[in-house]
Number of protein chains: 2
Amino acid sequence: MLVSTRGRYAIRIVLELSSREKGERVSLSELSKKQEISLKYAETIVALLVKAGLLDGQRGKRGGYRLTRDANEISVGEILIITEDSLSPVACLDCKPNQCERASSCKTLPMWEKLDDLIKSYLFSITIADLN
Amino acid sequence: MLVSTRGRYAIRIVLELSSREKGERVSLSELSKKQEISLKYAETIVALLVKAGLLDGQRGKRGGYRLTRDANEISVGEILIITEDSLSPVACLDCKPNQCERASSCKTLPMWEKLDDLIKSYLFSITIADLN
DNA sequence: CATTTTCCTACCTTGTCAATAGGTTGGAAA
DNA sequence: TTTCCAACCTATTGACAAGGTAGGAAAATG
C-alpha cells in the first residue's frame, strides 16, 4: 500500500479545516470528533503539519488550529510528502542519487521512475479545494 | 511503498527466464545466482508464480523452471498482482464492494480510485518483452 | 540407487504502523 | 491571579508484515 492511515487522516483533517470560516481556529478535540480520529493519534499527525508550516496552532482558551494558506494552494501530494515516510512505489527511488548497486544496468528502473512520476504528478495536481 | 522486494525479485526472475532459449529449463540455483537473490527466498517467490500458472517447474536432474507464455504476453502488473498482497494505493480499495463506513460520503475516494486506475493501467501496459 | 532439483511446512528477526499514556507549557477568560 | 483549556512533548505498546532461513520430503534422471 502506498498511503497509510496517517496520510489519509491528515488529508481529512486539512479538509475539515478548509470547510470552516477562513482564519477560524478549530480545536483538535473538535476536529478529531468530527473526523472520528482518536485525539491522541490526531495529535501526532497535526504536529507534523504544524512543523511543516501548513497549519498553525495556538494554545489556551479559544485556541486551536487553522490553515496558513488557502485550500486551493494546498495539494494532496504536499500533505502526503509531509506525513508519509515515502511516497515512492519502490524503495530504491527514495535516496537520490540512487544507491542501488545494480542501478546502472537495472532493466526495471526506468519503469519505476515513470511510475513514480505518474503518481506524484497526479497527487500534486489535486488541491484540497478540488476535493471539497 | 507500493512494491516490495518480493514483487521486484519476481520481475527479475521472469526477466531472466525470458532471456533464455524458449522452453529451456533453468534451475533455481542458477537463477538465484544470476540475480543475486538467496536460493531460499527465491523458492518462496517462484512457488507463487508456479501456482499462478506463469511458470512451470520440473524436478530432478536437468529439471528447472520455464515460462508458460511468451514474454510479450506477460505484463508487469500481472506478476505484481500474484506476488504482492495488494497493489492498491490505499487499503479501502482492496475489498470490493468497499467496506468503509464512510465510503458513500468520502470526499477522497474518487481520487484514490483514479490513482489506482492510473497505476494499474500503467503496470498492465508494460510487458516483460518491453523491458528486455 | 545416488544425485539433483523442486516442493512443502515451519520458524525467526526486524521494523513500521497505529495507537495510547501521561505529563508540561502557554494563553485567555473569569 | 487563578482556573481552565488546549496545544505541545516524550515515551511506550501491541499487532502485523516484510524479508529471509531451515530442514526435509517427493520426484525425476542418469
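Here goes a summary of the coordinates provided. (Residues numbered from 1 in each chain as written. Chains lettered and ligands numbered in written order. Predicted model: local features only at pLDDT ≥ 70, side-chain atom pairs only at ≥ 80, totals over all residues. Heavy atoms only, no water.)

Next up on the list: the protein's contact with DNA strand C. Taken together, 24 residues form the shell around DNA strand C, and within it A:Lys40, A:Tyr41, A:Arg59, A:Gly60 and B:Leu28 come nearest. What you see for DNA strand C is that sugar and phosphate hold 65% of its atoms within 4 Å of the protein. The separation between a base oxygen of DNA strand C and a polar side-chain atom of A:Lys40 is 2.3 Å. Note that a phosphate oxygen of DNA strand C is positioned 2.5 Å from one of the backbone N or O atoms of B:Leu28. At the level of elements, helix H1 (5-18) and helix H3 (39-51) of chain A together with helix H3 (39-51), strand E1 (55-58) and strand E2 (64-67) of chain B are the ones that each hand at least two residues to the surface near DNA strand C. (Near = heavy atom within 4 Å. Polar contact = N/O pair within 3.5 Å; in protein donor to acceptor, adjacent residues only side chain to side chain. Helix = DSSP H or I, 4+ residues; strand = E, 2+ residues; numbered from the N terminus.)

Once that is clear, we can look at the interface of chain B and chain A. Listed as interface residues are 30 residues of chain B and, on the opposing side, 30 residues of chain A. Applying the counting criterion to the chain B and chain A interface returns two salt bridges. Measuring nitrogen to oxygen at the nearest pair gives 2.9 Å for the salt bridge that ties B:Arg102 to A:Glu36. The tally of links from chain B across to chain A stands at twelve residue pairs in polar contact (both at pLDDT 80 or more). Only helix H1 (5-18), helix H2 (28-35), helix H4 (76-83) and helix H5 (109-125) of chain B provide two or more residues apiece to the side of chain B that touches chain A. With eight residues, the single largest contributor to the side of chain B that touches chain A is H5(B). Each residue belonging to the side of chain B that touches chain A can be placed in one class, and the counts come to 19 nonpolar, four polar and seven charged. (Contact = heavy atoms within 4.5 Å. Salt bridge = Lys/Arg side-chain N within 4 Å of Asp/Glu carboxyl O. Nonpolar A, V, L, I, M, F, W, Y, C, P; charged D, E, K, R; others polar.)

Now for helix H5 (residues 109-125) of chain A. In this model, H5(A) (17 residues) spans 24 Å end to end at C-alpha, consistent with the 24 Å of a helix rising 1.5 Å per residue. Within H5(A) the residues assigned to the buried category are A:Leu109, A:Met111, A:Trp112, A:Leu115, A:Asp116, A:Ile119, A:Lys120, A:Tyr122 and A:Leu123. For H5(A), the arc enclosing every buried residue in end-on projection is 160 degrees, short of the 170-degree limit, so these residues lie on one face. Turned more than 90 degrees away from the buried face of H5(A), the exposed residues are A:Lys114 and A:Asp117. The inward-facing, buried residues of H5(A) contact helix H4 (76-83) of chain A together with H1, H4, H5 and helix H6 (128-131) of chain B. (Expected span 1.5 Å × (residues − 1). Buried < 20%, exposed > 50% of the residue type's maximum accessible area, 1.4 Å probe, protein only. Arc of directions from axis to C-beta.)

Its identity is not glycine, yet A:Arg62 carries a phi of approximately 60 degrees, on the positive side. A positive phi angle, near 55 degrees, is found at B:Glu36, a position not held by glycine. Mapped onto the fold, B:Glu36 is located in the loop between H2 and H3. Since its relative accessible area comes to 62%, B:Glu36 is described here as exposed.

By nearness alone, 24 residues border DNA strand D, and A:Leu28, A:Tyr65, B:Ser4, B:Lys40 and B:Tyr41 come closest of all. Taking all atoms of DNA strand D within 4 Å of the protein, the share assigned to sugar and phosphate is 69%. A distance of 3.5 Å separates a sugar or linking oxygen of DNA strand D from a polar atom in the backbone of A:Gly60. Between DNA strand D and B:Ser38 there is a distance of 2.9 Å, counted from a phosphate oxygen to a side-chain nitrogen or oxygen. Elements supplying a minimum of two residues to the surface near DNA strand D: H3, strand E1 (55-58) and strand E2 (64-67) of chain A together with H1 and H3 of chain B. Of the residues in the surface near DNA strand D, the class split is six nonpolar, eleven polar and seven charged.

Take chain B, turn it by 180 degrees, move it 0.0 Å along the axis, and it overlays chain A with an RMSD of 0.1 Å. Taken together, these values place the two copies in the relation of a two-fold axis. Scanning chain B for the C-alpha nearest the rotation axis identifies B:Leu2, at a separation of 2.4 Å. Looking at the interface residues of chain B, 100% of them are also at the interface in chain A, so both copies use one shared face. (Least-squares fit on C-alpha atoms with pLDDT ≥ 70 in both.)

Bringing the packing of aromatic side chains into the picture now. Residues and elements named next belong to chain A. One pass over the structure, following the stated rule, counts two aromatic pairs over all chains. Judged by centre distance (5.7 Å) and plane angle (75 degrees), the ring pair of tyrosine 9 and tyrosine 41 falls under edge-to-face. With tyrosine 9 in helix H1 and tyrosine 41 in helix H3, this pair connects stretches of sequence that are 32 residues apart. Given the relative accessible area of 31%, tyrosine 41 is considered partly exposed. (Phe/Tyr/Trp six-rings, centres within 6.5 Å; stacked < 30°, edge-to-face > 60°.)

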